[in-house]
Amino acid sequence: MPNKTDRAGGSKGLFAYFDENPDEADKQVFGRVAHSDRRGFLKGAGLATMGAMLGTAIPFHRNMPAGFVPVAFAQDDVLTGKDGLTLLNDRPVNAETPPHLLDAPITPNDRFFVRNNGTVPENTSADGWEVTIDGMVDNPMTLSIADLKEQFDVVTMALVIECGGNGRAFFDPPASGNQWTYGAVGCAEFTGVRLRDVLEKAGVKDGVVYTAHEGADGHLSGDAEKMPLSRGVPIAKALTDNVLIAFEMNGTELPVLNGAPVRLVVPGWPGSCSQKWLKRVWLRDVVHDGAKMTGTSYRVPNHPVAAGEEVADEDFEIIERMPVKSLITNPATGSDLAEKSVEVRGHAWSGDRTIEKVDISIDFGATWMSAELDPPVNSGAWQNWKKTVRFPLAGYYEIWSRATDSNGVSQPFAIAWNPKGYLNNSMHRVGVRVA
Ligand SMILES: Nc1nc2c(c(=O)[nH]1)N[C@H]1C(S)=C(S)[C@@H](COP(=O)(O)O)O[C@H]1N2
Ligand SMILES: [Mo]
């Protein structure tokens, strides 16, 4: 098997290469231009060539999601330690989890999605790693991971991280960026110390407005002066008691792709607030203006806009809490069900709020049934729900789920369009055939 990364555009990454110059990329990867579709095999065309590369046919190719790259291809090395994730981009690495692989109440490390904006740091060893707390504090501090463990209460909490762009794939007109469908979300048990305790020890000065987070990852350009991502949160959010500086995930060290050896976890807010490979938390007297804090990044219009409408820069506001949402993790979409009844299961979450109810429909929303809903195991965790559903006849059904949160807000049928495709919390629909 040739080394695709070297042959197809060096450090650029296969996906970028196919986007920019599909014909040339096809030629380099396959030795000729793939038939028909100019977008190359990664976009779902060129299955014949994909099969040829594998040296065999792909009988179930119809089940392969768009953008899916067989793990047998060289790119699997960018997803080391991950199981069944769909790679959306290889540089930076972005991979989501198919909903049925998120069925467990706690997302295992090998199924936790990956959203990188830059390159993974070369050294992610806990030895010698330090996190600096500075800016508007009385006592700036530099702490090793051992210091964090010794000087502060160590807590374990189940916390949801969801990318602000989860669901972007369904926007029309399309929004640029990673085409996440459902799986840029997970809920893992994180162990760490409360950011609040650390900030209080450092002494938060009057007049602090915002945190600014910095990580050790590199900018894609290779420019050491540039950061791929540096976001922050209002100081009040940083001081809530479920915001962690985490050094373990599900009882073991963090996977490198998920921010080893230490990351922030800011549950309920866009995943981009949860800085990975954390090096610094800087307290500022202004709203942080780091990489991906300004322009259209993680910002949405402050008034309703029509699909495709241009929005002026001053009309954007920073996304804070994530909206109410639910996910059906059983059955998997496309399933053939042998029985006329099935246990429908999934999770639901809503930013800083709790979920009050989850309703299920199998008749395209005409009637709804309440699911059994568990309370969150702690604030910031998603809630598990289940409902055994009986289908009256054989045939095709869609199972829809709709969560309602503690403020009485439910998921919409349709997406409120915004230019960068954030915050799509429309109902999850799963299609099944009943025998
Ligand atoms: N240092 C750093 N932290 C980061 C990012 C990044 O690119 N660099 N991506 C952010 C974004 S946009 C998201 S959605 C989450 C994803 O966390 P995960 O990759 O562990 O799933 O990490 C956030 N933290
Ligand atoms: Mo994100």
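Here the structure is shown first, and the text comes after it.
Just so you know, the residues in each chain are numbered from 1, in the order the chain's sequence is written. By the order in which they are written, chains take letters starting at A while ligands take numbers starting at 1. pLDDT decides what is reported in this predicted model: residues at 70 or higher carry local features, side-chain atom pairs at 80 or more are listed and counted, and totals for whole chains, interfaces and linings draw on all residues regardless. For the side-chain quantities, the full set of heavy atoms in the structure was used; hydrogens and water were omitted.

A. Highlighting the overall build of the chain. Numbering of helices and strands runs from the N terminus, with a helix taken as a DSSP run of H or I at least four residues long and a strand as a DSSP run of E at least two residues long. Looking only at helices and strands, one finds seven helices and 23 strands in the chain. To sort residues, take the accessible area from a 1.4 Å probe on protein chains only and compare it with the maximum for the residue type: under 20% means buried, over 50% means exposed, and anything in between is partly exposed. The buried share of the chain, taken over its 435 residues, is 51%. Working rule for contacts: check all heavy atoms of both residues, and any pair within 4.5 Å makes them a contact. Counted over contacts in the chain with a minimum sequence separation of 6, partners at least 24 positions apart contribute 68%. Per-residue accessibility takes into account occlusion by the displayed protein chains alone, with areas from the Shrake-Rupley method and a 1.4 Å probe. Split by element, the accessible area of the chain, about 18600 Å² in all, is 50% carbon and sulfur.

B. How the structure looks around the side chain of Ser401. Inspection of the secondary structure assignment puts Ser401 in strand S22 (residues 395–405). Classification of Ser401 by relative accessible area gives buried; the value is 0%. A 3.5 Å cut-off defines polar contacts: any pair of N or O atoms within that distance qualifies, except that in protein one atom must be a possible hydrogen donor and the other a possible acceptor, and neighbouring residues in sequence count only when both atoms are side-chain atoms. Of the polar contacts made by the side chain of Ser401, one reaches the side chain of Ser326; its length is 2.8 Å. Excluding its chain neighbours within four sequence positions, the residues that come into contact with Ser401 are Ser326, Leu327, Ile328, Asp359, Ile360, Trp368, Trp385, Gln411, Met427 and His428.

C. Broad picture of the site of ligand 1. Residue proximity to a molecule or strand is established when one non-hydrogen atom of the residue lies within 4 Å of it. Taken together, the neighbourhood of ligand 1 is formed by 18 residues, with Phe113, Asn117, Asp217, Arg263 and Lys276 sitting nearest. At a separation of 2.5 Å, a nitrogen atom of ligand 1 approaches a polar side-chain atom of Asp217. Between ligand 1 and Arg263 there is a distance of 2.6 Å, counted from an oxygen atom to a side-chain nitrogen or oxygen. Relative to its unbound accessible surface of 530 Å², ligand 1 loses 100% to contact with the protein.

D. Highlighting the sheet that holds strand S19 (residues 369–370). In short, DSSP must find at least two bridges between two strands for them to pair. Strand order in the open sheet made by the five strands is S16-S23-S22-S18-S19, with mixed pairing throughout. Both edges of this open sheet fall to strand S16 (335–337) and S19, since each of them pairs with a single strand only. In this sheet, S19 lies alongside strand S18 (residues 355–361) in antiparallel orientation, the contact comprising two bridges. Within S19, the residue paired with Ile360 across the bridge is Met369.

E. Structural view of the sheet that holds strand S1 (residues 86–90). Pairing within the open sheet is antiparallel, and its three strands lie in the order S1-S2-S3. Sheet topology places S1 and strand S3 (114–115) at the edges, where each strand pairs with a single neighbour. Where S1 and strand S2 (residues 93–96) come together, four bridges link them in antiparallel fashion. Looking at the pairing, Thr86 lines up with Glu96 of S2.

F. Representation of the packing of aromatic side chains. Only rings of Phe, Tyr and Trp enter the pairing, Trp through its six-membered ring, and a pair is recorded when the two centres are within 6.5 Å. The plane angle decides the type: under 30 degrees is stacked, over 60 is edge-to-face, the rest tilted. Enumeration over the complete set of coordinates arrives at nine aromatic pairs. One aromatic cluster is present, formed by Phe112, Phe113, Trp180 and Phe190 through successive ring pairs. One cation-aromatic arrangement involves Lys279 over Trp129; the distance from NZ or CZ to the ring centre is 4.5 Å. Geometry around Trp368 places Arg402 over its ring, the cationic atom sitting 4.2 Å from the centre. In this scheme, Lys NZ or Arg CZ marks a charge over a ring once it lies within 6 Å of the ring centre and within 35 degrees of the ring normal.

G. Geometry of the environment of Phe113. Note on placement: Phe113 falls in the loop between S2 and S3. When its relative accessible area of 6% is taken as the criterion, Phe113 is described as buried. Spatially, the C-alpha atoms of Phe113 and Ile161 are 9.3 Å apart, while their sequence positions differ by 48 residues.

H. Geometry of the pairing of S22. Most of S22 sits out of view: nine of its eleven residues are buried. Pairing of S18 with S22, which is carried by six bridges, proceeds in the antiparallel orientation. Paired with Lys357 across the two strands is Thr404, which belongs to S22. The pairing of S22 with strand S23 (residues 428–434) spans seven bridges and is antiparallel.

I. Geometry of the nonpolar core. Formed by 31 residues in total, the largest nonpolar core has its most connected members in Ile133, Leu148, Val198 and Ile245. Of all elements in the fold, only strand S4 (130–135), strand S5 (141–144), helix H5 (145–151), helix H6 (195–202), helix H7 (235–238), strand S9 (244–249) and strand S12 (278–284) reach the threshold of two or more residues within this core. No other element matches the four residues that H6 contributes to this core. Apart from the residues lying within four places of it in its own chain, the contact partners of Ile133 are Pro140, Met141, Leu143, Val198, Leu199, Ala202 and Val281. Definition used in this section: a nonpolar core is a set of buried Ala, Val, Leu, Ile, Met, Phe, Trp, Tyr and Cys residues joined via side-chain atoms within 4.5 Å. The next biggest cluster of nonpolar side chains, apart from the first, holds 20 residues, and it includes Val324, Ala371, Phe391 and Val430.

J. Up close: the pattern of salt bridges. For salt bridges, the criterion is a side-chain nitrogen of Lys or Arg within 4 Å of an Asp or Glu carboxyl oxygen. Within the structure shown, the criterion is met by 17 salt bridges. Note that Arg433 is salt-bridged to Asp336, the shortest N-O span being 2.8 Å. You can see Arg433 sitting in strand S23 and its partner Asp336 sitting in strand S16, a full 97 residues away along the chain. Residue class for Asp336 comes out exposed when judged on its relative accessible area of 57%. A salt bridge links Glu372 to Lys386; the shortest N-O distance between them is 3.5 Å. Taken as a pair, Glu372 in strand S20 (residues 372–373) and Lys386 in strand S21 (residues 383–390) lie far apart in primary sequence, 14 residues in all.

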